[in-house]
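Examination of the molecular architecture
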Amino acid sequence: MNALSKINAILVLALSVASMQTIADRGEQKQVFGDYEVHYIGLNSSFLPEEAAEAYDIPRSRSLAYLSISVLKTAKDTVPTPVTAELTGTIKNLIGQSRTIDFREIKETNAVYYVSTFRFDKNEIYRIDLDVTPEGTSRTFDVKFSQKFYQE
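It should be emphasised that the depicted structure is a prediction, and the values quoted were computed from it without experimental measurement. (Residues numbered from 1 in each chain as written. Predicted model: local features only at pLDDT ≥ 70, side-chain atom pairs only at ≥ 80, totals over all residues. Heavy atoms only, no water.)

Further remarks concern the overall build of the protein. The helix and strand tally for the protein stands at two helices and 10 strands. The secondary structure elements of the protein, listed N-terminal to C-terminal, are α-β-β-α-β-β-β-β-β-β-β-β. (Helix = DSSP H or I, 4+ residues; strand = E, 2+ residues; numbered from the N terminus.)

As structure tokens, this is what we get:
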């Protein structure tokens, strides 16, 4: 296994561990729109292993949130396929302050992720609102969820 493959494995493992805890806490984090699934995870960027964060140029900080979004196309009796998409989004805190979040695409052999980071206040709950348009379709999916971020 080459160095990049090891780093990819570390990142996938880190995200899997983090998402397992989140899934245990709140249920699976995805929304289904017909034959598309939009998966999402939000966590403190300091949870990412140093090697993985460095490989993908993701800053690690106690007060920096990390979002990862992936879009899968599903078909009966087949494995879901990652697809590219256009993503725009906003975050809003409980007192209504809103800001735009920008996403960066990360492509791997069998995966496509959209990642973003933003500063957050300690133990603040944010409402995240995404518009997701999978490539090859004019349909835009409105993905909304709330996430509480903790400082370590």
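What follows continues from the structure just given.
Time to look at unusual backbone geometry. Its identity is not glycine, yet Asp-77 carries a phi of approximately 65°, on the positive side. Considering the arrangement of structural elements, one finds Asp-77 in the loop between strand S3 (64-73) and strand S4 (81-83). Note on Asp-77: relative accessible area 75%, which makes it exposed. Residue Asn-123 is not a glycine yet carries a positive backbone phi of 55°. Tracing the backbone shows Asn-123 in the loop between strand S8 (111-119) and strand S9 (125-134). (Buried < 20%, exposed > 50% of the residue type's maximum accessible area, 1.4 Å probe, protein only.)

Bringing the confidence of the model for the protein into the picture now. Summary statistics for the protein give a mean pLDDT of 84 and a share of 82% for residues scoring 70 or more. Contacts of residues 1-14 to residues separated by more than four positions or lying in other chains number 14 contacts, the stretch itself having pLDDT below 50. Overall, residues 16-27 carries pLDDT values under 50, and its contacts beyond four positions in sequence, including any with other chains, amount to nine contacts. (pLDDT = per-residue confidence, 0-100. Contact = heavy atoms within 4.5 Å.)

What follows deals with the nonpolar core. Residues Phe-118 and Leu-130 are the most contacted members of the largest nonpolar core, which totals 26 residues. When residues of this core are traced back to their parent elements, those giving at least two are strand S2 (36-44), S3, strand S5 (85-93), S8, S9 and strand S10 (141-148). Discounting residues that sit within four places of it in the chain, Phe-118 has contacts with Ser-63, Leu-64, Ala-65, Leu-67, Ile-91, Arg-99, Ile-101, Tyr-126 and Phe-149. Leu-48, Tyr-56, Ala-111 and Val-115 belong to the second-largest nonpolar core, a separate cluster that totals 11 residues. (Core = buried A, V, L, I, M, F, W, Y, C linked by side-chain atoms within 4.5 Å.)

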